[in-house]
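Observations on chain architecture
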Amino acid sequence: RKNMKFILFSALVFTSFSSQAAIECGKMISLTGTVDVHRNPDKTTSEKDAPRTTFSAEANAPIRCDDIIETHERSSAVMQLPRGKVAVGSNTKVAIAKYSNEEKPDPTMIDLFFGQLRALITKKKAPAGTPPTASRFQVRTPTAVSGVRGTDFYVGYDEKTKVTEQATLEGQVDVTTPQNPTPVAVK
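All values reported here derive from a predicted model rather than from experimental measurement. Per chain, residues are indexed from 1 in the order of the written sequence. For a predicted model such as this one, the threshold for reporting local features is a pLDDT of at least 70, and the threshold for listing and counting side-chain atom pairs is 80 or more; totals across whole chains, interfaces and linings nevertheless cover every residue. To obtain the side-chain values, all non-hydrogen atoms of the structure were included, while hydrogens and water were left out.

Observations concerning the overall build of the protein chain
Secondary structure elements follow DSSP: runs of H or I no shorter than four residues count as helices, runs of E no shorter than two count as strands, and numbering proceeds from the N terminus. A count of helical and extended segments in the protein chain gives one helix and 15 strands. The classification of residues rests on relative accessible area computed with a 1.4 Å probe and restricted to protein chains. Under 20% of the type maximum is buried, over 50% is exposed, and intermediate values are partly exposed. Burial statistics for the protein chain: of 187 residues in total, 37% are counted as buried. Any pair of residues with heavy atoms lying within 4.5 Å of one another is described as a contacting pair. Across the protein chain, the fraction of contacts at a sequence separation of at least 24, relative to all contacts at a separation of at least 6, is 54%. Per-residue accessibility takes into account occlusion by the displayed protein chains alone, with areas from the Shrake-Rupley method and a 1.4 Å probe. Carbon and sulfur atoms form 55% of the exposed surface of the protein chain, whose accessible area is close to 10,900 Å².

Spelled out as structure tokens, the structure:
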């Protein structure tokens with residue numbers, strides 16, 4: 001009886017961890033050139049530093065919340081997320097860093113390790129009868145965080161110079177840096 005309880009408990013724990021690591025946050029809708037997905041094959045953890053397997057991305061394939069997407073020379077990818085699209089330029093590495101809920105994942109932060117991306121994000125709609133949500137979508141680089149509630153914007157990060165570039169194409173982006181945590185509005 002004790003063994004059966006242990007087996008059931010172990011199965012429950014493993015199933016719980018497995019479902020957490022395999023959560024889908026979006027879909028790869030188009031690709032050009034060589035685009036790699038670095039995925040954590042160990043479904044019991046979703047740590048960003050976990051050992052990963054690498055495979056070629058495919059159009060219309062789901063993106064897991066813990067995947068790392070990397071484009072190469074003359075390559076690009078477009079990801080469809082619940083609130084918009086993110087176009088990843090050549091020689092770029094990104095990962096979904098945070099998402100809002102596991103039942104219906106909504107990415108709220110993307111890490112841009114190097115390269116450039118363009119995001120067209122719509123405002124998150126609040127359920128009828130509730131006040132508007134303050135939910136933000138952010139792109140984080142090693143030197144800055146760009147946060148929006150709904151806009152079209154570009155972020156680039158150069159590993160060599162350690163410089164983040166941001167351009168707002170429509171709407172407003174709030175940018176913070178470690179040296180200046182007070183948001184600067186970029187229209």
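Structural notes on the state of the cysteines
As used here, a disulfide is simply a covalent bond connecting the sulfur atoms of two cysteines. Put simply, a disulfide is two cysteine sulfurs that come within 2.5 Å. Within the structure shown, the criterion is met by one disulfide. The partner cysteine of C25 in its disulfide is C65, sulfur to sulfur 1.8 Å. The sign of the 95° torsion about the S-S bond sets the C25-C65 disulfide as right-handed. Of this pair, C25 sits in strand β1 (residues 24-32) while C65 sits in the loop between β4 (62-64) and β5 (68-71), and the two are 40 residues apart along the sequence. Residues C25 and C65 agree in their burial class; the two are buried.

Brief notes about the nonpolar core
Among the buried residues, those of types Ala, Val, Leu, Ile, Met, Phe, Trp, Tyr and Cys that are joined through side-chain atoms within 4.5 Å form a nonpolar core. Membership of the largest hydrophobic core comes to 30 residues, with the highest contact counts inside it found for I69, M79, V86, V94, L117, F137 and F153. Residue contributions to this core peak at five residues, all from strand β9 (residues 107-121).

Here's the deal with unusual backbone geometry
The phi angle at N60 is positive, at roughly 70°, despite the residue not being glycine. For N60, a relative accessible area of 52% puts it in the exposed group. Non-glycine residue K162 carries a positive phi angle of around 60°. With respect to the secondary-structure elements, K162 resides in the loop between β12 (151-158) and β13 (163-170).

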